[in-house]
Amino acid sequence: RDLLTGMSFDIVTCDNGQKAVKIIVREHENLGLVITDLQMPEMDGFKFLKWLKEQEYSDDPPVLVLTGAYDLTEIVGSLSEYGVRGLLDKGSHPHHLISRINTILFPEIRNKRKHERVSVHFPVTFTLEGDNHRALITNMSLGGSFLETSEIMDPDSVITVDLNFPKMKSNLSLKAKVVWGLGGSNWEGKQPSLEGMGIHWEEMTSDDKLILESYIGEKLKEERLYDMLLP
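Note that this is a predicted model, so its numbers are computed, not measured. (Residues numbered from 1 in each chain as written. Predicted model: local features only at pLDDT ≥ 70, side-chain atom pairs only at ≥ 80, totals over all residues. Heavy atoms only, no water.)

K.L.:
Which residues make up the overall build of the protein chain, and what values go with them?
P.N.:
Across its full length, the protein chain holds seven helices and nine strands. Viewed in the frame of its principal axes, the protein chain has a C-alpha envelope of about 60 × 40 × 30 Å. When each of the 231 residues of the protein chain is scored for burial, the buried share is 42%. A separation of at least 24 residues holds for 60% of the contacts in the protein chain among residues at least 6 apart in sequence. Here the protein chain contributes 25 positively and 36 negatively charged side chains, and the mean placements of these two sets differ by 3 Å. (Helix = DSSP H or I, 4+ residues; strand = E, 2+ residues; numbered from the N terminus. Buried < 20%, exposed > 50% of the residue type's maximum accessible area, 1.4 Å probe, protein only. Contact = heavy atoms within 4.5 Å. Lys, Arg positive; Asp, Glu negative; His and termini not counted. Charge placed at Lys NZ, Arg CZ, Asp CG, Glu CD.)

Okay, here's the thing in structure tokens:
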């Protein structure tokens, strides 16, 4: 709730499937997306999804499932039978949740991108004018990435990012330009849910590109498995 309202979504919440049924019967025409857990009291997520599938408006609104109780690979097949649009682990980074929601609600954005973007989550070091800074990289493409950090550099600053890819022996050191930042307080005086800066890769050798393409390709295979039934 806090994350999504902080990103300007209007939401309504409830704590079990029975209450969700009442909300959907009453409000389905006004709902853009349903996000559901699987383990819930009174009516669990599977029974809720079965009920929703039986309704004449079963595909509208679309459904995103969040769970921390199941191995995603074991349930993706059964959930696809209910018409679920996406599946995500509860332990995922908040930025991945926002990315998955936007993928479902605004599929045309993905089609307009020059490069495929994947959700990642690992620490990096970046350098500006000899000073080292630490950040988390939460999405990546051949064009650029998003660095989650409270140390947001000025637009057009050129930084060097050291990438130590998880489960890969290859490391990269790439120059990048800061193109936008997300942080500070909004007009209500509230801190944003996410802070950081978008960067664009400035220099890349052919070998660097092959390494980056390989990593993104492997992540994309995993991500496509859980981007279910995208229109």
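K.L.:
Tell me about helix H2 (residues 17-27), and name the residues and values.
P.N.:
Within H2, the full set of buried residues consists of Gly 17, Ala 20, Val 21, Ile 23 and Ile 24. Seen along its axis, H2 keeps its buried residues to an arc of 170°; they face one direction. Structural note: H2 exposes Lys 22 and Arg 26 on the side pointing more than 90 degrees away from its buried face. Looking at the buried positions of H2, the neighbouring elements they touch are strand S1 (34-36) and helix H3 (45-53). Residue Asn 16 occupies the N-cap position of H2, its side-chain oxygen lying 2.9 Å from the main-chain nitrogen of Gln 18. (Arc of directions from axis to C-beta. Polar contact = N/O pair within 3.5 Å; in protein donor to acceptor, adjacent residues only side chain to side chain.)

K.L.:
Describe the packing of aromatic side chains, with residues and values.
P.N.:
Summed over the entire model, instances satisfying the criterion amount to six aromatic pairs. Taken together, a centroid distance of 5.7 Å and an interplanar angle of 85° make the contact between Phe 46 and Tyr 70 edge-to-face. Within this pair, whereas Phe 46 is found in helix H3, its partner Tyr 70 is found in the loop between strand S2 (63-67) and helix H4 (72-80), the two being separated by 24 residues in sequence. Given the relative accessible area of 30%, Tyr 70 is considered partly exposed. Through a chain of ring-to-ring contacts, the aromatic side chains of Phe 122, Phe 165 and Tyr 215 assemble into a single cluster. (Phe/Tyr/Trp six-rings, centres within 6.5 Å; stacked < 30°, edge-to-face > 60°.)

K.L.:
Describe the packing of H2 against H3, listing the residues and the values that go with them.
P.N.:
Contact pair H2 / H3: the axes reach a minimum separation of 9 Å and the direction vectors enclose 25°. With respect to H3, the axis of H2 lies roughly parallel. Between H2 and H3 lies a crossing of right-handed hand. From H2, Gly 17, Ala 20, Val 21, Ile 24 and Val 25 reach across to H3, where they touch Phe 48, Trp 51 and Leu 52. (Axes fitted to C-alpha atoms, helices over the stretch in contact; angles between N-to-C directions. Parallel < 35°, antiparallel > 145°, perpendicular 65-115°, else oblique. Left-handed = near helix turned anticlockwise from the far one by under 90°.)

K.L.:
Break down unusual backbone geometry for me, citing the residues and quoting the values.
P.N.:
A positive phi angle, close to 70°, is found at Glu 42, a residue other than glycine. Mapped onto the secondary structure, Glu 42 falls in the loop between S1 and H3. The class of Glu 42 is exposed, set by a relative accessible area of 65%. You will see that Asp 156, though not glycine, has its phi angle at about 75°, which is positive. Summarising the element assignment, Asp 156 is placed in the loop between strand S6 (144-148) and strand S7 (158-164). Taking relative accessible area as the criterion, Asp 156 reaches 55% and is therefore assigned exposed.

K.L.:
Before we move on, can you summarise the sheet that holds strand S3 (residues 86-89) with the specific residues and values?
P.N.:
With parallel pairing, three strands are arranged side by side in an open sheet as S1-S2-S3. Bordering the open sheet on either side are S1 and S3, each of which pairs with just one other strand. Across this sheet, the average inter-strand angle for adjacent strands is 20°, counted without regard to direction. Bridging between S2 and S3 involves four bridges; their strand directions are parallel. Bridge pairing in S3 links Thr 67 to Asp 89. (Pairing = 2+ DSSP bridges.)

K.L.:
If you had to explain the side chain of Ser 99 to someone new, which residues and values would you point to?
P.N.:
With respect to the secondary-structure elements, Ser 99 resides in helix H5 (residues 94-105). You can call Ser 99 buried: its relative accessible area is 14%. Once residues within four sequence positions are removed from consideration, Ser 99 is found in contact with Arg 117 and Ser 119.

K.L.:
Any details on the nonpolar core? Residues and values, ideally.
P.N.:
Counting residues in hydrophobic clusters, the biggest one holds 26 residues, and the most contacted among them are Phe 122, Met 140, Leu 147, Ile 159, Val 161, Leu 163 and Ile 199. Of all the elements in the fold, those that place two or more residues in this core are strand S4 (118-128), strand S5 (131-140), S7, strand S8 (171-182), strand S9 (196-203) and helix H7 (206-226). Counting residues per element, this core draws most heavily on S4, which supplies six residues. Aside from chain neighbours lying at most four places away, what touches Ile 199 is Gly 143, Gly 144, Ser 145, Leu 147, Ile 159, Val 161, Ala 176, Lys 177, Val 178 and Val 179. (Core = buried A, V, L, I, M, F, W, Y, C linked by side-chain atoms within 4.5 Å.)

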